[in-house]
Amino acid sequence: MATFSETFPSLPLESLAAASASTNAARAAAVIRQGRARSLEDFAALISPAATPHLEAMCAASQSLTQRHFGKVMRMFAPLYLSNECVNICKYCGFSRNNPIPRITLPVDEVVREAGMLARRGFRSILLVAGEHPKFVSGNYVVECIERLLPMFPSISLELGPLEASDYGPMVAAGCEGLVVYQETYHAPTYAELHTAGPKKHFLWRMDTAERAYAAGFRRLGIGALLGLHDWRLDAIAVAAHAQHLLRHCWKSQVTVSLPRLRPAAGGFQPRDPISDRELVQVVAALRLFLPHSGIVLSTREPARLRDGMMAVGVTHMSAGSSTEPGGYANFDESTWTPGEQPAEQFHIADERAPEVVADAIRARGYEPVWKDFDRSLVADEPRLAGAPAP
Amino acid sequence: MLPELPTETLRIAGRDFKSRLFVGTGKFSSPEAMRAALAASGTEMVTVALKRADLSGSKDAYANILEFLEPERYLLLPNTAGAQNATEAVRIARLALASGLPNWVKLEIHPDPNYLLPDPIETLAAAETLVKEGFVVLPYINADPVLALRLQDVGVAAVMPLGSPIGSHRGLETRAQIEIIIEQARVPVVVDAGLGAPSHAAAAMEMGADAVLVNTAIAIAPDPSAMAVAFAAATIAGRAARENGLGRQRAKAAPTSPLTTFLD
C-alpha cells in the first residue's frame with residue numbers, strides 16, 4: 001500500500017490552493033448548501049475568500065456535526081516538555097540548536113514531579129513533548145517516562161522527532177496511546193529553506209511518521225501544519241488530504257488534526273501569509289465539514305477570547321494552563337497556576353488561564369470538560385493503576 | 001397530561017423493566033443535565049462508558065461519572081466502548097465487575113473510531129467468553145440476522161442491532177434486517193444507535209422491537225430532559241400500538257371480502 005509520501009507528488013496542492021483563492025461566490029455557496037465537503041475541491045472552496053461571508057452558516061453546520069459525533073464535551077489535555085535539546089536547525093523554532101537558550105532534559109523524577117502538578121489540576125491525558133536529540137531523548141528514557149506516568153495518566157501521547165516503527169514498539173507496549181507529528185509545512189521548497197540542518201530535513205520521512213506509528217500500534221494519530229510558514233490555504237488543504245489518507249490506511253486510529261499558528265519565539269522568525277482569526281475559524285469549520293469524525297485540537301497558542309469562541313465551532317480537544325519549557329511547571333505558582341519566568345520555552349503561549357478557569361469557561365458555554373476518556377485497562381494485561389484493587 | 005398507557009413488562013435475564021427506553025450517558029453538556037434527563041426519561045437501564053469512569057477505586061473527582069448515576073434507580077449497564085477487539089472488551093468487562101459494577105455488560109467493539117460500527121467477529125468471540133464467565137451480555141451489533149442468531153446460540157441475554165450509525169440521527173435505515181432479527185429472536189431485541197427523533201423510537205417499537213436505546217439525540221438537545229420525555233412518550237406509544245396489533249395487522253392484511261367462499 002502506498003504511503004502518503006508516495007502519493008504526495010501526485011496531489012495537486014498548488015492547483016487546489018490556486019482554485020481556492022479564486023473560488024467564485026456561486027461555487028462557495030453551492031458547497032455550503034451541501035452541508036459537507038465531499039472532496040478536497042469542496043474543502044478548498046470552503047476555505048476560500050468567497051466562502052468567508054458564509055462563516056456563520058459554516059460554523060452552524062460544523063457545530064451540529066461535532067455535537068452529533070463527539071457530544072457537548074471538550075476533551076482536556078496538557079503538554080509536558082521533557083527536553084529542549086535539539087539537533088535540528090529550524091528557522092522558526094525556539095528550540096533550534098543555534099538559539100542561545102538554556103538547554104534542559106528533565107530527569108525522570110522531575111518529569112514525574114511536574115506531571116503530578118498537572119494531575120492535581122485534573123489532567124488525565126498528557127502529551128509528552130521533546131526536541132529531537134537521540135542522546136538526551138532516547139527510547140529508553142521515553143519508555144521510563146511512560147511507565148512512571150501511567151498511574152497518573154491513563155492517556156499518554158508523544159510529540160517527538162520521527163522514529164522507525166520498531167523504535168515506537170516499546171513505547172506502545174509501555175502503554176502509550178497516541179503520537180503527534182506535525183509536518184510544519186507541506187510545501188517542499190519552503191520546508192527545505194526553513195529546515196537547514198539535522199534529520200528534520202527529511203521532508204518525506206517525516207510525512208510517513210504517522211503511518212509508522214500506526215504500524216507500531218498507536219491508537220491516536222495527530223497531524224497538522226504550523227500556519228505562518230507558507231501559504232496557509234495550501235497547508236490546510238494538505239492537512240485535509242493527509243487526514244483523508246490516514247482515515248483510509250490507518251482505519252483503526254483516531255485521527256486528530258491541528259493548525260497551530262506561529263507564535264513569537266527565540267530567533268524572532270516573522271510569520272508569512274498570516275491567517276486572521278476569522279480565517280482560522282473558517283478553516284476549522286471547513287475541516288469539520290470535510291472530516292466529521294476527526295478530533296480537532298486547539299492549544300494555548302491562541303488567545304482566550306478566540307479559544308472560548310472556537311469551543312462551539314468544531315474543536316474537540318483543548319490544552320490549558322500550558323508551559324512549553326522543560327521544567328516550566330516547577331516555576332508555576334501552584335495555588336494560582338501563574339507561570340514564572342520561562343527562559344527556555346519553545347514559544348510563548350497566548351492563553352495563560354489556569355486549567356480550572358478554562359474548564360469553567362467551557363462549562364459556561366454549555367460543554368462539559370472531559371478529563372478522562374481512555375482507560376489503561378483497555379490495553380494493559382495488568383493495569384498499573386493507582387489504588388487499583390488487588391486481583 | 002397524557003393518560004397512563006400501560007404496556008407489558010420487559011424481562012431481560014430475569015430482571016423486569018417497565019420502561020422500554022434505555023438511555024446512554026455520554027455527550028451531555030454536564031453531569032447535572034445528564035442526571036436530570038435520565039430521571040425525566042423514566043428509564044430503568046442506563047449505559048455508561050467505562051473508559052470515562054474511574055475504575056481504580058480512588059474516587060477520582062475528574063472521572064466521576066458513576067457518582068451521578070444512582071444504582072438504586074437504574075441498572076447500570078457498563079459498556080466496553082474503546083475496545084478494539086475481544087481481548088480488550090473482555091478485559092474491561094472483568095475490571096468493571098471487579099470494581100463493583102453489575103455483571104451486565106453492553107458489549108461494543110468498534111475498531112473504527114469514526115463510524116463506530118461494531119466488529120462482528122470480535123463481538124461473537126467476546127460474547128462467548130463473557131457468557132461463560134457468567135456475565136449478562138447485551139451485544140451491540142450491525143443489523144445482521146445471522147450474527148444475531150449466532151450470538152443467541154452462545155447465550156447472550158439480548159441483541160442490540162443498530163438502526164444507523166451512532167450519532168447519525170438517520171433512524172431505521174436497517175429496518176428490513178431488524179425485522180428479520182425480530183422475527184427470529186429468542187431474546188429481546190433492543191434497537192440501538194441512530195435514533196434521532198422520537199418518531200424513530202416509535203417506529204422501532206411498532207415494528208416489534210422490545211426496547212430502544214437512545215443517547216445522542218437526548219444528550220445534545222437544547223433541553224435534554226424535554227427530549228428524554230418525548231422519547232419516553234414515543235416509546236410507550238409505539239409499544240402500546242404494537243401490543244394492540246398494529247404491526248401484525250399490517251403484516252397480515254385481511255382482504256375486505258373473503259376469498260375462499262367459493263369452496264363452501
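Given the structure is predicted, the values throughout are model-derived calculations rather than measurements. (Residues numbered from 1 in each chain as written. Chains lettered and ligands numbered in written order. Predicted model: local features only at pLDDT ≥ 70, side-chain atom pairs only at ≥ 80, totals over all residues.)

A.B. asks: Would you mind going over the overall build of chain B with me for this structure?
C.D. replies: Per the secondary structure count, chain B includes nine helices and ten strands. For chain B, whose C-alpha radius of gyration is 19 Å, the value lies close to the compact-globule estimate of 18 Å for 264 residues. Structurally, chain B occupies a C-alpha span of about 80 × 45 × 35 Å along its principal axes. Burial status across chain B gives 53% buried among its 264 residues. The long-range fraction of contacts in chain B, counting pairs at least 24 apart against all pairs at least 6 apart in sequence, stands at 63%. (Helix = DSSP H or I, 4+ residues; strand = E, 2+ residues; numbered from the N terminus. Rg over C-alpha atoms; globule rule 2.2 N^0.38 Å. Buried ≥ 20, exposed ≤ 12 C-beta atoms within 10 Å, placed from the backbone. Contact = placed C-beta atoms within 7 Å.)

A.B. asks: Help me understand the overall build of chain A, please; the structure alone is not making it clear to me.
C.D. replies: For chain A, the helix and strand inventory stands at 15 helices and eleven strands. Relative to the 2.2 N^0.38 estimate, which gives 21 Å for 391 residues, the radius of gyration of chain A is 20 Å and therefore close to what a compact globule would have. Projected onto the principal axes, the alpha-carbon positions of chain A cover approximately 60 × 45 × 45 Å. Of all intrachain contacts in chain A linking residues separated by at least 6 positions in sequence, the fraction that spans at least 24 positions is 76%.

A.B. asks: Please explain the packing of helix 8 (residues 165-173) of chain A against helix 11 (residues 209-216) of chain A as it appears in this structure.
C.D. replies: Residues and elements named next belong to chain A. Contact geometry of helix 8 with helix 11 gives a least axis separation of 8 Å together with a crossing angle of 50 degrees. On the basis of their axis angle, the class for helix 8 and helix 11 is oblique. The two elements helix 8 and helix 11 cross, and the hand of that crossing is right-handed. Residue-level contacts link A165, Y168, G169 and V172 of helix 8 to R212, A213, A215 and A216 of helix 11. Counted by class, the contact of helix 8 with helix 11 contains six nonpolar, one polar and one charged residues. (Axes fitted to C-alpha atoms, helices over the stretch in contact; angles between N-to-C directions. Parallel < 35°, antiparallel > 145°, perpendicular 65-115°, else oblique. Left-handed = near helix turned anticlockwise from the far one by under 90°. Nonpolar A, V, L, I, M, F, W, Y, C, P; charged D, E, K, R; others polar.)

A.B. asks: Would you mind showing me how to read the pairing of strand 3 (residues 21-24) of chain B here?
C.D. replies: Regular strands place their side chains on alternate faces of the sheet. Residues and elements named next belong to chain B. Residues of strand 3 alternate between two faces, with L21 and V23 on one and F22 and G24 on the opposite face, all of them buried. Direction of pairing for strand 3 relative to strand 10 (residues 211-214): parallel, over a ladder of three bridges. Residue pairing across strands places V23 opposite V214, the latter belonging to strand 10. Bridge count between strand 3 and strand 4 (residues 45-49): two bridges; the pairing is parallel. In the sheet register, V23 faces strand 4, and the bridge partner there is V46. For the segment spanning strand 3, helix 1 (residues 31-41) and strand 4, crossover handedness is right-handed. (Pairing = 2+ DSSP bridges. Right-handed = clockwise from strand over helix to strand, strands pointing away.)

A.B. asks: Would you explain the confidence of the model for chain A in this entry?
C.D. replies: Low-confidence regions, as indicated by low pLDDT, have predicted coordinates that should not be scrutinised in detail. Across chain A, the average pLDDT comes to 91, with 97% of residues at or above 70. In this model residues 382-391 of chain A is a low-confidence stretch, pLDDT under 50, and it forms 21 contacts with partners more than four residues away in sequence or in other chains. (pLDDT = per-residue confidence, 0-100.)

A.B. asks: I would appreciate a short explanation of the environment of N99 of chain A in the present structure.
C.D. replies: Residue and element names in this part refer to chain A. The residue N99 is located in the loop between strand 2 (89-90) and helix 6 (108-120) in this model. Owing to 18 C-beta atoms within 10 Å, N99 belongs among the partly exposed residues under this scheme. C-alpha separation for the pair N99 and I89, spaced ten residues apart in sequence, amounts to 8.9 Å. Those residues within four positions of N99 in sequence are excluded, and the remaining contacts are G94, A266 and G267.

A.B. asks: Just to check I follow, could you spell out the nonpolar core for this structure?
C.D. replies: Most often, soluble globular proteins keep nonpolar side chains buried together rather than apart. Within the largest apolar cluster, 209 residues are counted, with the highest numbers of intra-cluster contacts made by I126, I237 and A286 of chain A together with V190 and V212 of chain B. The element contributing the most residues to this core is helix 12 (residues 232-249) of chain A, with ten residues. In this structure I237 of chain A touches L13, L16, A17, S20, L40, F43 and A44 of chain A, once residues within four positions along its chain are discounted. (Core = buried A, V, L, I, M, F, W, Y, C linked by C-beta atoms within 7 Å.)

A.B. asks: Would you mind going over unusual backbone geometry with me for this structure?
C.D. replies: Leaving glycine out, the prevailing phi sign among residues is negative, and the prevailing peptide bond configuration is trans. The backbone of E184 of chain A shows a phi angle near 70 degrees, a positive value even though the residue is not glycine. With respect to the helices, strands and loops of the structure, E184 of chain A is situated in the loop between strand 5 (178-180) and helix 9 (188-194). Unlike most non-glycine residues, H169 of chain B shows phi in positive territory, near 60 degrees. Inspection of the secondary structure puts H169 of chain B in the loop between strand 8 (160-161) and helix 5 (175-184).

A.B. asks: Got a minute to help me understand the interface of chain B and chain A in this structure?
C.D. replies: Think of interface size as the accessible area that goes away when the parts come together; that is how it is often given. Counting residues at the interface gives 32 residues for chain B and 32 residues for chain A. Those elements that provide at least two residues to the side of chain B that touches chain A are helix 2 (86-98) and helix 7 (216-219) of chain B. It is helix 2 of chain B that provides the largest number of residues to the side of chain B that touches chain A, a total of five residues. Of the residues contributing to the side of chain B that touches chain A, the split by class is 13 nonpolar, 13 polar and six charged.

A.B. asks: I would appreciate a short explanation of the packing of helix 4 (residues 145-153) of chain B against helix 5 of chain B in the present structure.
C.D. replies: A pair of packed helices can be characterised by two numbers: the angle between their axes and the separation between those axes. All names here are of chain B. Packing of helix 4 against helix 5 brings their axes to within 9 Å, and their N-to-C directions diverge by 30 degrees. As judged from the angle between their axes, helix 4 and helix 5 are roughly parallel. In this structure, the crossing between helix 4 and helix 5 has a hand that is right-handed. The residues of helix 5 that touch helix 4, namely those facing P145, A148 and L149, are Q177, I180, I181 and Q184. The residue makeup of the contact of helix 4 with helix 5, split by class, is five nonpolar, two polar and no charged.

A.B. asks: Please explain the pairing of strand 10 of chain B as it appears in this structure.
C.D. replies: Residues and elements named next belong to chain B. Across the two faces of strand 10 the burial is the same, with A211 and L213 and V212 and V214 all buried. Sheet analysis places strand 9 (residues 190-192) next to strand 10, joined by three bridges and oriented parallel. Each residue of the ladder has a partner; that of V190, found in strand 10, is A211. Viewed along the sheet, the connection from strand 9 through helix 6 (residues 198-206) into strand 10 turns out right-handed.

A.B. asks: Hey, could you run me through helix 11 of chain A in this one?
C.D. replies: Side chains three or four residues apart in an α-helix point the same way, a direct result of the helix having 3.6 residues per turn. All names here are of chain A. Counted residue by residue, helix 11 has seven buried out of eight residues, so it is predominantly covered. Within helix 11, the full set of buried residues consists of T209, A210, E211, R212, A213, Y214 and A216. As for helix 11, its buried residues are in contact with helix 1 (4-7), helix 8, strand 5, helix 10 (203-207), strand 7 (220-224) and helix 12. Just downstream of helix 11 lies G217, where phi reads positive at about 110 degrees.

A.B. asks: Sorry, what's going on with the environment of E193 of chain A here?
C.D. replies: Along the chain, E193 of chain A turns up in helix 9. Expressed as a C-alpha distance, the spacing of E193 of chain A and G217 of chain A, which sit 24 residues apart in the sequence, is 33 Å.

A.B. asks: What exactly am I supposed to notice about the confidence of the model for chain B here?
C.D. replies: With 95% of its residues at a pLDDT of 70 or more, chain B has an overall mean of 90. With a pTM of 0.89, the predicted complex shows an ipTM of 0.82.

A.B. asks: I tried to follow the environment of R301 of chain A on my own but got confused; where do I start?
C.D. replies: Residues and elements named next belong to chain A. For R301, the position within the fold is in the loop between strand 9 (295-298) and helix 14 (304-310). Here R301 falls in the buried class, since 21 other C-beta atoms lie within 10 Å of it. In sequence terms R301 and E352 are 51 residues apart; their C-alpha atoms lie 9.3 Å from each other. If near-sequence neighbours (up to four positions away) are discounted, R301 is found in contact with P260, R261, R263, I349 and A350.

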